[in-house]
Structure formats: structure tokens, C-alpha cells
Amino acid sequence: MSAAARGAGPGPVAVVGAGRAGLGLARALRSAGVRVSVIGRDRKRLRRAVPAARIVVIAVADAALGAAASTLARLPLQGKVVLHLSGARGASALAAARS
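Everything in this summary refers to the structure shown in the same document. Worth saying up front: this structure is predicted, and the values here are computed from it rather than measured.

Parameters and conventions
The written sequence of each chain sets the order in which its residues are numbered from 1. This being a predicted model, a pLDDT of at least 70 is required before a residue's local features are given, and a value of 80 or more before pairs of side-chain atoms are given or counted; all residues contribute to the totals for chains, interfaces and linings. Only hydrogens and water are set aside; all other atoms, that is, all heavy atoms of the structure, feed into the side-chain values. Side-chain atoms within 4.5 Å are what join buried Ala, Val, Leu, Ile, Met, Phe, Trp, Tyr and Cys residues into a set we call a nonpolar core. A simple rule labels every residue: compare its accessible area, found with a 1.4 Å probe on the protein chains alone, to the largest value its type can have, and call it buried under 20%, exposed over 50%, or partly exposed in between. Runs of E in the DSSP output that reach at least two residues are strands. Runs of H or I that reach at least four are helices, and both are numbered from the N terminus. Here, residues are in contact when the closest pair of their heavy atoms is within 4.5 Å. If DSSP finds at least two bridges between two strands, the strands pair. If you view a crossover with the strands going away from you and the path from the first strand over the helix to the second runs clockwise, you call it right-handed. What qualifies as a polar contact is a pair of N or O atoms within 3.5 Å, subject to a donor-acceptor requirement within protein and to the restriction that residues adjacent in sequence count only when both atoms come from side chains. To get an axis, a line is fitted to the C-alpha atoms, and for a helix only the part in contact is used. The angle between two axes follows their N-to-C directions and goes from 0 to 180 degrees.

**Some remarks on the nonpolar core**
If you look at the biggest cluster of nonpolar residues, it comprises 14 residues, and the most contacted ones within it are V16, I39, L46, V50, V56 and L72. The set of elements that each furnish at least two residues to this core consists of β1 (13-16), α2 (43-52), β3 (55-58) and α3 (65-72). Setting aside residues up to four positions removed in sequence, V56 forms contacts with A14, V16, V50, L72, K80, V81, V82 and L83. Within the second largest apolar cluster, 10 residues are counted, among which are V13, L29, V38 and A59.

Shown next, in the form of C-alpha cells:
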């Protein structure tokens, strides 16, 4: 049994972005026993999944990263790890989600 399945893992993860990177990451996490929600463009699903997650991964195109961070900033993020998969942008791309 994996650490995540025993309750010692990272907890629920919300992957925002249903493209190759987001789906690939979700598949890998699930195979390790982590509960994962993948959110595409469905804002209702986003509003349900993000509050339940301990980790939020933004896996959208670089050009959409700022808008995704701004949308997430309207949700309860306190105490959550929020990260992105962009290779072209730094942590400052998540500034909107930090407020």
C-alpha cells in the first residue's frame, strides 16, 4: 500500500488544466495512490475541487497562467500549496493567487 493510500501522502490534489501535462501528472499521481481531481474549463468543478485539495497544480498554457492564478485567487487557498508547471514563468506568475 502506498503512503498516500495510508493517509501519509500529500492528500487530495487539484490539477487545473486537462491538457497533456495536467492529465499526465494526474495519471502518475493516481497510480501512486493520490486522490486527484482534474479540472478543465468547468468553473463549478473548480469551485468544488480546489477547496477540498491540499495541493493545487496549475497545468495550463503559459499564456493562460496569469488568468488561472487570478481565478484561483477568488477561492480559499489559505494553507494550500499552489504551484504551476510552466517552464517559462517563475513563481511571480502566481502573485495574484497569493493575496
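**Overview of the pairing of strand β2 (residues 36-39)**
Bridge count between β1 and β2: four bridges; the pairing is parallel. Within β2, the residue paired with V13 across the bridge is V36. Following the chain from β1 across helix α1 (residues 20-31) to the adjacent parallel β2, one finds a crossover that is right-handed.

**Comments concerning the environment of D62**
Counting through the fold element by element, D62 comes out in the loop between β3 and α3. Through-space distance from the C-alpha of D62 to that of H84 is 9.5 Å; in sequence the pair is 22 residues apart. Side-chain polar atoms of D62 contact the side chain of S86, separated by 2.7 Å.

**Structural notes on the pairing of strand β4 (residues 81-84)**
Alignment of β3 against β4, held across four bridges, turns out to be parallel. By the bridge assignment for β4, I58 is matched with H84. After leaving β3, the chain enters α3 and then returns to the sheet as β4, a path that is right-handed.

**Structural notes on the environment of G17**
Following the sequence through the fold, G17 ends up in the loop between β1 and α1. The exposure class of G17 is buried, given its relative accessible area of 9%. Sequence spacing of G17 and A59 is 42 residues, and the spatial spacing of their C-alpha atoms is 4.8 Å. Other than its neighbours up to four places away in sequence, G17 contacts G22, L23, V38, I39, A59 and V60.

**Some words on the sheet that holds β3**
With respect to topology, four strands assemble into an open sheet ordered β2-β1-β3-β4, the strand pairing being parallel. Two strands lie at the open edges of the sheet, namely β2 and β4, each paired on one side alone. Across the sheet, the mean angle separating the axes of adjacent strands is 15 degrees when strand polarity is ignored. Lying on the sheet, α1 is in contact with β1, β2 and β3; it crosses β2 at an angle near 170 degrees. On the sheet, α2 packs against β1, β2 and β3 and is oriented at approximately 150 degrees with respect to β2.

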